[in-house]
Amino acid sequence: MMRPVMRVLSELCVKPHRVSYKCVCVSSPSRRQSHSEGGLSEVGIEDGLPGEHVDGEHSWMCGSSAAVLSAVRGNVQVLQNFISEDEEMAFLKELDPGLKRKRYEFDHWDDAIHGFRETERLQWGGVCAGVLERLRAAAFPEGSPLLGPVHVLDLDKSGFIKPHVDSVKFCGSTISGLSLLSDSVMRLVREENSADWVDLLLTRRSLYILKEEARFKFTHEILKDKDSFFSGQRIPRHRRIAVICRNLPL
């Protein structure tokens, strides 16, 4: 028997971390743009933290320094356009009827998440089952035992996920998720030093993969719509459904 849905995050997440810092992305040699809880503002070169951006195949990642980008680069991945529009529609047809019978909640048990509804799913139709097999092959080592049902998390446009680390008691080395319906920004912050941060641009229909050091030593969160900037660019947040797979601890 599956455990009650409302216990999913209480088992998978530890207490959220609260940090306060200014995130700065390089926009020119003499000026940078800062995005914090108050939104986007321009700051002088002497203010804030130096920002670094990875070009080319890692253009979906920026961070506070070259050192922190180097630390996580082998342990984070975002695969753009991992699924097609038709495959996204197949997920919506399977998930929406059940999700729409639930109300969005804004008072999560440990204040880790706001504006959400969630479910778990063991059985999938042919198209979705095929996508999940592709996800598992891309994200997890061959033969790695996976955590039971797939976790589905539906965030309202006003919803967000606060910084947290998934519990090592229930989750193994890797977390991977499909992003449906909306672009978003996932922020990673080093637990031991909140000045070290990395932003990941999760475009609609992409797949993200977090493993090892990025999984254990950094918190992760999904930014609020008003704070949703990537490398100085506004990334509007809409309703977002994440289809999340985790492997079991060894």
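For the structure itself, consult the block above.
Reading guide: rules and limits
For every chain, the first residue of its written sequence is number 1, and the numbers climb from 1 along that sequence. Residues qualify for local features only when their pLDDT is at least 70, as the model is predicted, and side-chain atom pairs are given and counted only at 80 or more; totals for whole chains, interfaces and linings, by contrast, use all residues. Calculation of side-chain values draws on the structure's entire complement of heavy atoms; hydrogens and water are dropped beforehand. Under the scheme applied here, a residue whose accessible area is under 20% of the maximum for its type counts as buried, over 50% as exposed, and between as partly exposed, the area being computed with a 1.4 Å probe on protein chains only. The numbering of helices and of strands both runs from the N terminus, where a helix is a DSSP run of H or I of at least 4 residues and a strand a run of E of at least 2. Any two strands with at least two DSSP-identified bridges between them are counted as paired. A helix is expected to reach a length of 1.5 Å times the quantity of its residues less one. This arc is taken over the directions from the axis of the helix to the C-beta atoms. Note on contacts: a residue pair is in contact if any heavy atoms of the two residues lie within 4.5 Å. Side-chain atoms within 4.5 Å are what join buried Ala, Val, Leu, Ile, Met, Phe, Trp, Tyr and Cys residues into a set we call a nonpolar core.

Enquirer: Looking at this structure, I do not really get the pairing of strand β13 (residues 218–222). What am I missing?
Expert: When a strand is regular, its side chains alternate between the sheet's two faces. Of all five residues that make up β13, five are buried, and the element is covered over most of its length. Burial of the side chains of β13 extends over both faces: F218, H220 and I222 are buried on one face and T219 and E221 on the other. Direction of pairing for strand β8 (residues 150–164) relative to β13: antiparallel, over a ladder of two bridges. The residue bridging I161 from the neighbouring strand is I222, located in β13. Summarising the sheet, strand β10 (residues 184–190) and β13 pair through five bridges and their orientation is antiparallel. When the sheet's bridge partners are listed, L188 is paired in β13 with H220.

Enquirer: How do you make sense of helix α4 (residues 126–139) when you look at a structure like this?
Expert: With 14 residues, α4 should cover 20 Å at 1.5 Å per step; its first-to-last C-alpha distance of 20 Å lies within 8% of that length. If you check which residues of α4 are buried, you get C128, V131, L132, L135 and A139. For α4, the buried positions fall inside an angular range of 100° around the axis, keeping them on one side. Exposed and facing more than 90 degrees away from the buried side of α4 are G126 and A137. Buried residues along α4 sit in contact with α3 (85–99), β8, β9 (174–180), β12 (207–211) and β16 (240–246).

Enquirer: Please clarify how the nonpolar core should be interpreted in this entry.
Expert: A general tendency of soluble globular proteins is for nonpolar side chains to be buried together. Core analysis: the largest hydrophobic core is formed by 33 residues, its most contacted members being M61, V76, M186, L188, V198, L200 and Y208. Ranked by the residues each element gives to this core, the list is headed by strand β11 (residues 197–202), at five residues. Beyond its immediate stretch of four places on either side in the chain, Y208 contacts Q77, V78, I175, S176, G177, S179, M186, L202, R240 and I244. Listed in part, the 24 residues of the second largest apolar core include A139, L178, L181 and I209.

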